[in-house]
There are 2 protein chains.
Amino acid sequence: MRMSALFGRTLRETPADAEMVSHQLLLRAGMIRSLGAGIYSYLPLGYRVKAKVEAILRREMDAIGAQQMLMPVVHPAEVWQASGRWHSVDETLLRFQDRSAHDMVLAMTHEEVIAHLLEREVESYRQLPAVVYHIQVKFRDERRPRGGLVRVREFTMKDAYSVHADVEDLETFYPTMLRAYRDIFRGCALDPIAVEADSGIMGGSASHEFVLLNAEGEDTIVLCTSCDYAANAERAELDKRPSSQSQGPGQAREVATPGCKTIEDVARYLGVPREGTLKAVFLRTEEPEPRLVFAVIRGDLEVNEVKLSHVVGDVPLRPAEEDEIRAVGAVPGYASPIGVRGAVVVADDSVLLGGHFVAGANREGYHLAGVQYGRDFRGDVVADIALARAGDACPRCAGALRVERGIELGHCFKLGSRYTAARGITYLDADGAEHPIVMGSYGIGVDRLIAAIVEEHYDEYGIRWPVSVAPYLVHLVSLAREGEERDQAEALYAELGAEGIDVLYDDRAGPSAGVKFNDADLIGCPLRLTVSRRSLSRGGVEAKWRDKDERVVIPADEVAAYLHEGLAART
Amino acid sequence: MRMSALFGRTLRETPADAEMVSHQLLLRAGMIRSLGAGIYSYLPLGYRVKAKVEAILRREMDAIGAQQMLMPVVHPAEVWQASGRWHSVDETLLRFQDRSAHDMVLAMTHEEVIAHLLEREVESYRQLPAVVYHIQVKFRDERRPRGGLVRVREFTMKDAYSVHADVEDLETFYPTMLRAYRDIFRGCALDPIAVEADSGIMGGSASHEFVLLNAEGEDTIVLCTSCDYAANAERAELDKRPSSQSQGPGQAREVATPGCKTIEDVARYLGVPREGTLKAVFLRTEEPEPRLVFAVIRGDLEVNEVKLSHVVGDVPLRPAEEDEIRAVGAVPGYASPIGVRGAVVVADDSVLLGGHFVAGANREGYHLAGVQYGRDFRGDVVADIALARAGDACPRCAGALRVERGIELGHCFKLGSRYTAARGITYLDADGAEHPIVMGSYGIGVDRLIAAIVEEHYDEYGIRWPVSVAPYLVHLVSLAREGEERDQAEALYAELGAEGIDVLYDDRAGPSAGVKFNDADLIGCPLRLTVSRRSLSRGGVEAKWRDKDERVVIPADEVAAYLHEGLAART
């Protein structure tokens, strides 16, 4: 490709609103352009990267026998109503009406369409299992798109769906997909961490996220500093064993705690450790009917609202207001479940450990000491609703947890029969008995993957594309507009092209040598070749790899061999 | 691909709502499935066809130096407001609001986005010309989607855009794109007619459509039976020279024509040919202000409302009501422009030919004879607003025109500066002078192209895919579930796969031989190979080309050579 004809140009200035490195560099290198909030065009250079990333996705999907297909972007509301997500997903799901006032959505994922197809295509166990995928445009109406391609509204996703006769078959297949995902990321020169994840709006029994550690990432993950435990923050567990068993009196008794409205205050005032206290957290939901959710957890821990939401039926929660708290008989600042009526009490399982606690007396200025779970109060539900934080103990090895930010690159879900059982989407087994089809769902966002590659492969001068996804392998610079140097550059361009090597050829008449070298660094093709009077006087072409500083002059007829040797060392 | 694992199944029954052959066969062969009105999924078999068609599109675009990119599906309204099409395009353009109540559209084409990019990317004549394209999802909210993939709402389009320094450069380039389009259609084994076309909502100075003749098509085209003149009905011209020059008196005079409200009646009553009369047609528009459009045309001709609409500024027109007609002083049934006030009179240029006419007297029961254009009335506009019909004379050779139905497969538009001049999207020439960028726009609908291939290549048993786009080249049928026949089939499948030949292998245990053969005919791969006891007893594998009746038995080790020979004869 001649740069004189290339559509799109590099930018010298960093666009003001671009904060993340990948956003800045993809804009500056002339790879992408914004059309609106979270909506981008790929210019020809960027599109080449995207096509190469998609080829890697296809290669690895095809390698595990997944069949490519294509499902639509615009869906009638009915399929989302059938799954319940028309109601349960927030405004991120873009709903609109067509010219006939028919409700429609822009696809953010395709479980519903797969279920719709399964209902019609699969009758018999003979048709199972199967794995399908597509690479298709999707739309998520994010409240705050940011970071260029890291969090967009319109995006391309490779989503795959596996269908199985039973959960055992899904379990058998699932590691195959996890391996394919690792191969995809490796193919893109990325090494994300696989973490246990919350399944969010997808449902299902278990899921894994692939997260690339990145300080600007939106994902929070919890990692053990000693073992390989890793989970996203919504799901991460922790070892809650207290450092000591607090012993108290035989019976709860009221103690005055004037002005002690926080755990901190109470612990200090009474001289007990925070893990000897109970903390109350009040949330409110309107679904399916108005309820106050009273969460109680050991005083040294924090409530994880995602876990709490799952426990009460995946309903939206908001902080409760004071009158709503008082309405159930609780007193803010001095609250405990003891004596409370009409709230759903969710107790973190930490309250089962540790013996006796100091808890609120539901009376201004007073707490109860010696409170014991089971004797003095009970939860309507007891579950793990604790937030894992840096320094907490690992649930596996009790080593210290650390918390990191990251970019979620992929997500695998064991959906089970979440999308089939309720709708009677079944198959007949060899004996003619009916069973719901079991599903898995697996997604990788193509645009975010591209951003992540840049986040991992750049320097102060620009992008350093890995060989596998570079827009061109060679960036050929001609410094002369005419004469022997130019003829040599043109000849080299023709020769490399004839050998099937993708070359970006800077044949532009206008820019100076400095501008051309800066553009080459910014665009980031693996090998830069320069034909100049100087290189010819030294016997050939100057070669410089983007990931090394040194420059060497090689004879023109050895360029292809030199390139292939260097590429082989980089793949 | 083993059919036992293939996602999607063939259907024995023709779906009731499928009228066009391509719709029936694509559904029955398990290629596509409907998700909603005009919205389809491609199952894996159909997706393979789509991928091959897209590869042909890419190949021919790349061959003329077009650069692939990708523009979004969801656009902020602003870019469509800037071009004026936010207002001028009807509900086919799907408008909606995002979560922030921001107006958005689903892309039906991308001139606006190209203009938006040009404004930012192109500064200098050095950056021109350029040709870009993308293959992307689009949405047209058609009132009546029909014919399966022939007229869908969600579709994939290959749209290309060329940008030029001036109209001359566009004119020079344009034939290159027309040639590329012919190569694309030839690559898909289609031979559409290139016709002059109306530019519709795209604007610009000229356009060409590629139309495949098809009785079920929605496009009407006009062709000369003698020369190669061809145009779509909206645009087609005709030779209007009358068969005789009617001579009348020196002055218009009123004649009684009681009860003669039609041209037919008047001509018969007065004994003049229809071409000696004038016909009045009344339409009404509300834009930019309420106006009555009074079209007058020779009595033997009909008004083409598309042409008329262009003449009055591309505004929507509807038939006028009686009181609206009388309000300008015209009398329905006896109307002429003579004495009319307050209407926009558009005269077809046929009124300039033929001397004297009989026209309405704007008085119940009376006409005027001897009416002459220029002396007795004038049009505010004189233009060609006539509809070409079968039997009319060709505008080039005066041969008889014929009218055919067809499917529009592609459209090329010389847009000129329609999308740039008004918005000041300019470049600087070598002297630093500013000029608007000139554009061309070129589109091919991928889904409709697939439907058209099927419309041209089928028989009573199913599809007969051309080699270039067949989902698989070989359909291998194993009739045995086990034993030597099965082993031979498995070995042949492995061998052909090792040679890189795409094979669909019917290894299913359930279906009978008849069902398998029917499925092979329906799916329509070019070569069917059958391994059976019978074929083995005859020394090998039975081979049958989908486009021939004969079956031959060939030794297993000669299959690949036989295939390649047969493919070569078919491409």
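Residues numbered from 1 in each chain as written. Chains lettered and ligands numbered in written order. Predicted model: local features only at pLDDT ≥ 70, side-chain atom pairs only at ≥ 80, totals over all residues.

A. The overall build of chain A, seen in detail. Per the secondary structure count, chain A includes 14 helices and 31 strands. Taken over the C-alpha atoms alone, chain A extends approximately 100 × 65 × 45 Å along its principal axes. Across the 571 residues that make up chain A, the buried fraction comes to 50%. Long-range contacts, defined as pairs at least 24 residues apart, comprise 72% of the intrachain contacts of chain A with a sequence gap of at least 6. (Helix = DSSP H or I, 4+ residues; strand = E, 2+ residues; numbered from the N terminus. Buried ≥ 20, exposed ≤ 12 C-beta atoms within 10 Å, placed from the backbone. Contact = placed C-beta atoms within 7 Å.)

B. Up close: the relation of the copies chain A and chain B. For the match of chain A to chain B, the screw axis carries a shift of 0.0 Å, the RMSD comes to 0.1 Å, and the turn is 180°. As the rotation angle and translation indicate, the two copies are arranged about a two-fold axis. In terms of C-alpha distance to the rotation axis, chain A has F96(A) as its closest residue, with the C-alpha 3.1 Å off the axis. Most of the interface of chain A is mirrored in chain B, where 100% of its interface residues are also at the interface. (Least-squares fit on C-alpha atoms with pLDDT ≥ 70 in both.)

C. How the structure looks around unusual backbone geometry. In the segment running from L128(A) into P129(A), the intervening peptide bond is cis, with an omega of -5°. For P129(A), the location among the structural elements is in the loop between α5 (111-121) and β7 (130-139). With an omega of -10°, the peptide bond between E287(A) and P288(A) qualifies as cis. Positioned with a positive phi, A189(B) is a non-glycine residue whose angle comes to about 60°. Mapped onto the fold, A189(B) is located in the loop between α6 (167-187) and β9 (193-197). Looking at A189(B), the number of C-beta atoms within 10 Å reads 18, which means it is partly exposed.

D. Quick look at the nonpolar core. Residues F294(A), L409(A), F294(B) and L409(B) are the most contacted members of the largest nonpolar core, which totals 338 residues. With seven residues, helix α10 (residues 446-456) of chain A is the single largest residue contributor to this core. Setting aside residues up to four positions removed in sequence, L409(A) forms contacts with F185(A), L190(A), P192(A), F210(A), V211(A), L212(A), I444(A), R448(A), L449(A) and A452(A). (Core = buried A, V, L, I, M, F, W, Y, C linked by C-beta atoms within 7 Å.)

E. Focus on the domain arrangement of chain A. Taken domain by domain, chain A consists of domain 1 (50-236 + 403-454), domain 2 (253-383) and domain 3 (472-569). Computed from C-alpha atoms alone, the centre-to-centre distance between domain 1 of chain A and domain 2 of chain A is 37 Å. (Domains from an automatic or database assignment.)

F. The arrangement of the sheet that holds strand β16 (residues 318-319) of chain B in detail. Ordered in space as β16-β14-β15-β17-β20 (chain B), the five strands form an open sheet in which the pairing is mixed. The open sheet terminates on both sides in strands that have one partner only, identified here as β16 and β20 (381-383) of chain B. (Pairing = 2+ DSSP bridges.)

G. How the structure looks around the interface of chain A and chain B. Chain A puts 45 residues into the contact, and the matching count from chain B is 45 residues. Listing elements by their share of the side of chain A that touches chain B, those giving two or more residues are β1 (32-36), β2 (39-42), α2 (44-63), β3 (67-68), β4 (74-76), α5 and β7 of chain A. Tallying contributions element by element places α5(A) first for the side of chain A that touches chain B, with five residues. Counted by class, the side of chain A that touches chain B contains 24 nonpolar, nine polar and 12 charged residues. (Nonpolar A, V, L, I, M, F, W, Y, C, P; charged D, E, K, R; others polar.)

H. Quick look at the environment of T92(A). Residues and elements named next belong to chain A. Checked against the element boundaries, T92 lands in the loop between α4 (85-88) and β5 (95-97). Of the residues examined, T92 has 14 C-beta atoms within 10 Å and is grouped as partly exposed. Sequence separation between T92 and R2 is 90 residues, and the spatial gap between their C-alpha atoms is 42 Å. In contact with T92, not counting residues within four places along its chain, are M108, R140, D141 and E142.

I. Structural context of the environment of D519(B). Residue and element names in this part refer to chain B. Assignment of secondary structure puts D519 in helix α12 (residues 513-523). On the neighbour-count criterion, D519 (23 C-beta atoms within 10 Å) is buried. Taking the C-alpha atoms as reference points, D519 and V477, 42 residues apart in sequence, are found 10 Å from one another. In this structure, D519 is in contact with T10 and D506, ignoring residues within four places of it in sequence.

J. Representation of the confidence of the model for chain A in the model. Of all residues in chain A, 99% have pLDDT values of 70 or greater, and the mean over the chain is 94. This prediction of the complex comes with two scores: 0.91 for pTM and 0.91 for ipTM. (pLDDT = per-residue confidence, 0-100.)

K. Spotlight on the packing of helix α1 (residues 21-28) of chain B against helix α10 (residues 446-456) of chain B. Residue and element names in this part refer to chain B. Where α1 meets α10, the axes come as close as 8 Å, and the angle between the chain directions of the two elements is 100°. By the angle between their directions, the pair α1 and α10 is classed as roughly perpendicular. Judged by residue contacts, V21, S22, L25 and L26 of α1 engage A451, V454 and E455 from α10. Classifying every residue of the contact of α1 with α10 by side-chain character gives five nonpolar, one polar and one charged. (Axes fitted to C-alpha atoms, helices over the stretch in contact; angles between N-to-C directions. Parallel < 35°, antiparallel > 145°, perpendicular 65-115°, else oblique.)

L. Looking closely at the sheet that holds strand β18 (residues 356-363) of chain A. All names here are of chain A. Taken in spatial order, the three strands line up as β13-β19-β18 in an open sheet, and their pairing is antiparallel. Each edge of the open sheet is held by one strand with a lone partner, namely β13 (253-256) and β18. For this sheet, the mean inter-axis angle between neighbouring strands, taken without regard to orientation, is 35°. Across four bridges, β13 lies against strand β19 (residues 366-372) in antiparallel orientation. Within the sheet, the bridge partner assigned to A256 lies in β19 and is Y366.

M. View of the packing of α2(A) against helix α6 (residues 167-187) of chain A. Residues and elements named next belong to chain A. Viewed as axis vectors pointing N to C, α2 and α6 meet at an angle of 155°, and their least axial separation amounts to 9 Å. By the criterion of interaxial angle, the relationship of α2 to α6 is roughly antiparallel. Note that α2 runs across α6; the crossing there is right-handed. In this structure, α2 uses I56, L57, E60, M61 and A63 to contact α6, whose residues at the interface are A180, D183, I184 and G187. Its residues placed into classes, the contact of α2 with α6 shows six nonpolar, one polar and two charged. (Left-handed = near helix turned anticlockwise from the far one by under 90°.)

N. Quick look at the pairing of strand β10 (residues 206-213) of chain A. Residues and elements named next belong to chain A. Of all eight residues making up β10, six are buried, and the element is well covered by its neighbours. Relative to β10, strand β9 (residues 193-197) runs antiparallel, the two being bridged by five bridges. Directly across from A194, in β10, lies its bridge partner F210. Bridge count for β10 against strand β21 (residues 401-416) is eight bridges, and the pairing is antiparallel.

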